[in-house]
Amino acid sequence: MKCGVCSREWPKEHCRTIVLTAVERAYVMAATGGAAPDEYVYCNPCWKLLSNRQQGAQFIAGSFQASFQASGHPKAAQVGKKMLNFLIAKSGKPVS
Amino acid sequence: MRRLPLYAERAIGELQAARGYTVTEFEKQFRAINAVSCKPGCSNCCHYPLLITVGEAIILYRFLAQKGRLTGVMRKKLQDHADLTSLLDPAVWMRSNISCPLLDTSNKCQGYEARPLACRLLVSADDPEACHPHAFNPAGMANTADVFKAVVAFETKLLGTHGMSSIRMPIGRAVLIADRVLTGAIQLNGIERALYKEYTGA
């Protein structure tokens, strides 16, 4: 199975498969304006990272910043920081 | 802490000497033509993916033990780091801004004097913000790819000659493996099996 984060191929027993609920599916479709996949596959190492409130938020914000930077956005760093603060606030736990 | 068999001690001694020589020469050349912007307390490159061999981990472990820095807190940080980074894709690791377990609360390296070669070769003459893992722009960083490649080849050959594993693993995991080697919990020829067990649980 192919991990949706790192794109590496993994045996099924080393992956987590997340099937969206109807509500989640509707939310994804509204947010992306298209079809939502039936399931999301994550390898165990990536899943462990995403499950970590601190590092998961860092990864998502870092990915946003990197893609903004690659597209030449002049405020990529600010976007990344804003995204990180948003995600940390959303995670609902104090960050050490 | 036990001493390793003579052949292993010799390999580690040679590794330490070669590392020291390479870095001194490299630094001399880089500093001769660049104004280095790295300063104590800046730890941007301490969040990059770092894979080291057990040879380097033994050097680091001994230094930490000698300085009394292998505390319970340090061991927990090493374990947390090992759990989080095991088999993690380096590109994902880079963007996740994961702190090196050796960093203290004031962003200083607890193993600075014995830090691995990869850390020693990271030096910049650019704005330190450009080194942040989220903003990674290596334009001002020293190009050390060739030096690093040469030393990795030397290290692999050296450790192989002395029958030691040259597998590179995340720094947290490597120091924990060094701990087990130096306390006799695993033998030098059992490193790869121990690593396999850690990763697969088998």
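Please read all numbers here as calculations on a predicted model, not as lab measurements.

## What to know about unusual backbone geometry
Phi is positive for S7 of chain A, which is not a glycine, with a value near 65°. By the element assignment, S7 of chain A lies in the segment before β1 (15-19). In the Ramachandran plot, L87 of chain B falls in the positive-phi region, its phi being about 60° despite a non-glycine side chain.

## Some details on the packing of helix α3 (residues 53-70) of chain A against helix α4 (residues 76-91) of chain A
Residue and element names in this part refer to chain A. Here α3 crosses α4 at 155°, and the two axes come no closer than 8 Å. What the angle tells us is that α3 and α4 run roughly antiparallel. The hand of the α3/α4 crossing is right-handed. On α4, the residues that touch R53, A57, Q58, I60, A61, F64, Q65, F68 and Q69 of α3 are A76, A77, V79, G80, K81, M83, L84, L87, I88 and S91. Counted by class, the contact of α3 with α4 contains 12 nonpolar, 5 polar and 2 charged residues.

## Topic: the domain arrangement of chain A
Residue and element names in this part refer to chain A. Here chain A is described as being made up of domain 1 (1-51) and domain 2 (52-91). Computed over C-alpha atoms, the centres of domain 1 and domain 2 are 20 Å apart. If you look at the interface, domain 1 gives 5 residues, while domain 2 gives 6 residues. Where domain 1 abuts domain 2, roughly 400 Å² becomes buried across the two surfaces, and 70% of that area is made up of carbon and sulfur atoms. Three residues, L49, L50 and S51, lead the burial of domain 1 against domain 2; their summed loss comes to 81% of the area buried on that side.

## A look at the packing of helix α2 (residues 54-66) of chain B against helix α7 (residues 171-182) of chain B
All names here are of chain B. Packing of α2 against α7 leaves a shortest axis separation of 8 Å and a crossing angle of 75°. When the axes of α2 and α7 are compared, the pair comes out roughly perpendicular. Of α7, the residues touching α2 (which contributes V54, A57, I58, L60, Y61 and R62) are I171, A174, V175, I177, A178, D179, V181 and L182. Looking at the contact of α2 with α7, its residues break down into 12 nonpolar, no polar and 2 charged.

## Description of α2 of chain B
For α2 of chain B, which comprises 13 residues, the first-to-last C-alpha distance of 18 Å matches the rise-based estimate of 18 Å (1.5 Å per residue) to within 8%. Within two residues after α2 of chain B, G68 of chain B carries a phi angle of roughly 70°, on the positive side.

## Overview of the nonpolar core
Of all hydrophobic cores here, the largest spans 40 residues; its most connected members are I171, I177, V181 and I191 of chain B. Non-local contacts of I177 of chain B, meaning those with residues more than four positions away in its chain, are made with V54, M169, I186, I191, A194 and L195 of chain B. Counting 14 residues, the second largest nonpolar core, distinct from the first, contains C6 and F59 of chain A together with W93 and I98 of chain B.

Criteria and thresholds
Residues numbered from 1 in each chain as written. Chains lettered and ligands numbered in written order. Predicted model: local features only at pLDDT ≥ 70, side-chain atom pairs only at ≥ 80, totals over all residues. Heavy atoms only, no water. Helix = DSSP H or I, 4+ residues; strand = E, 2+ residues; numbered from the N terminus. Axes fitted to C-alpha atoms, helices over the stretch in contact; angles between N-to-C directions. Parallel < 35°, antiparallel > 145°, perpendicular 65-115°, else oblique. Left-handed = near helix turned anticlockwise from the far one by under 90°. Contact = heavy atoms within 4.5 Å. Nonpolar A, V, L, I, M, F, W, Y, C, P; charged D, E, K, R; others polar. Domains from an automatic or database assignment. Buried area = accessible area lost by both parts, 1.4 Å probe. Expected span 1.5 Å × (residues − 1). Core = buried A, V, L, I, M, F, W, Y, C linked by side-chain atoms within 4.5 Å. Buried < 20%, exposed > 50% of the residue type's maximum accessible area, 1.4 Å probe, protein only.

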